[in-house]
Amino acid sequence: MKPLRNTRQAPRKDLTPLTLDTFNSLDTLQKLASFGEVIEASATGILLYFKREDFINKELRTNLNIDHLVGQSVYFTIHEMDLEISGTVARTKFLGKTGFHIAIDYSKDAPEYWRECLMDLLPSTQG
């Protein structure tokens with residue numbers, strides 16, 4: 001039996017939820033959601049949570065599958081930090097009635113030292 005490998009590029013950090021002011025497409029400059037939360041982060045990616053009603057576009061609100069966002073360039077503003085981050089949608093996950101997770105890879109849009117500093121500044125649930 002082969003040992004399981006950890007394929008993560010960077011360790012994840014569980015966060016005290018942070019809110020998003022904006023979630024927009026960089027490709028079309030369309031506003032995709034009016035609200036969301038940052039729930040987990042690493043030095044290469046950020047996991048966002050959206051309720052269905054947070055989406056502005058009717059197509060996003062009414063579908064169970066939002067995989068067409070994968071590969072799209074997006075940007076969002078973390079309200080508590082007044083910080084804008086851009087990246088690429090890496091994956092989406094339907095969570096049932098509660099909403100969606102959207103994983104953003106921001107490793108190509110920010111230098112490694114900046115991403116490591118961000119991890120130090122983000123508020124952790126571990127205290």
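Above this note sits the structure.
Conventions and cut-offs
- Residues numbered from 1 in each chain as written.
- Predicted model: local features only at pLDDT ≥ 70, side-chain atom pairs only at ≥ 80, totals over all residues.
- Heavy atoms only, no water.
- Helix = DSSP H or I, 4+ residues; strand = E, 2+ residues; numbered from the N terminus.
- Buried < 20%, exposed > 50% of the residue type's maximum accessible area, 1.4 Å probe, protein only.
- Contact = heavy atoms within 4.5 Å.
- Areas by Shrake-Rupley, 256 points an atom, 1.4 Å probe, with all protein chains shown as cover.
- Lys, Arg positive; Asp, Glu negative; His and termini not counted.
- Charge placed at Lys NZ, Arg CZ, Asp CG, Glu CD.
- Core = buried A, V, L, I, M, F, W, Y, C linked by side-chain atoms within 4.5 Å.
- Pairing = 2+ DSSP bridges.

Q: I tried to follow the overall build of the protein chain on my own but got confused; where do I start?
A: Scanning the protein chain for helices and strands turns up 2 helices and 7 strands. In sequence order, the protein chain lays out its α and β elements as β-β-β-β-α-β-β-β-α. Overall, the protein chain is about 45 × 40 × 30 Å in size when its C-alpha atoms are taken along their principal axes. For the protein chain, buried positions account for 42% of its 127 residues. A sequence separation of at least 24 residues applies to 56% of the contacts in the protein chain between residues at least 6 apart. Roughly 7700 Å² of accessible area belongs to the protein chain as shown, and the carbon and sulfur atoms make up 52% of that amount. In the protein chain, 15 positive and 17 negative side-chain charges are present, and the distance between their average locations comes to 9 Å.

Q: Sorry if this is basic, but what is going on with the nonpolar core here?
A: Proteins that are soluble and globular tend to have nonpolar side chains buried together. The biggest cluster of nonpolar side chains holds 30 residues, and the ones touching the most others in it are Phe 23, Leu 48, Phe 76 and Ile 102. Elements with a minimum of two residues in this core: strand 1 (13-25), strand 2 (31-33), strand 3 (36-41), strand 4 (45-50), strand 5 (73-78), strand 6 (83-94), strand 7 (100-105) and helix 2 (112-121). Per-element accounting of this core gives the leading share, 4 residues, to strand 1. Discounting residues that sit within four places of it in the chain, Leu 48 has contacts with Leu 20, Phe 23, Glu 37, Val 38, Phe 76, Phe 100, His 101, Ile 102 and Ile 104.

Q: What should I look at first to understand the pairing of strand 6 in this one?
A: The side chains of a regular strand alternate, residue by residue, between the two faces of the sheet. Inspection of the sheet shows strand 5 paired to strand 6 by 6 bridges, in the antiparallel sense. The partner of Ser 73 across the bridge, within strand 6, is Thr 88. Connecting strand 5 to the antiparallel partner strand 6 that follows it, the hairpin turn spans 4 residues, and Asp 82 within it adopts a positive phi of roughly 45°. With 6 bridges joining them, strand 6 and strand 7 adopt antiparallel strand pairing. Looking across to strand 7, one finds that Lys 93 is bridged to His 101. Linking two consecutive strands that pair antiparallel, namely strand 6 and strand 7, is a turn of 5 residues; a positive phi of about 80° is found at Gly 96 within it.

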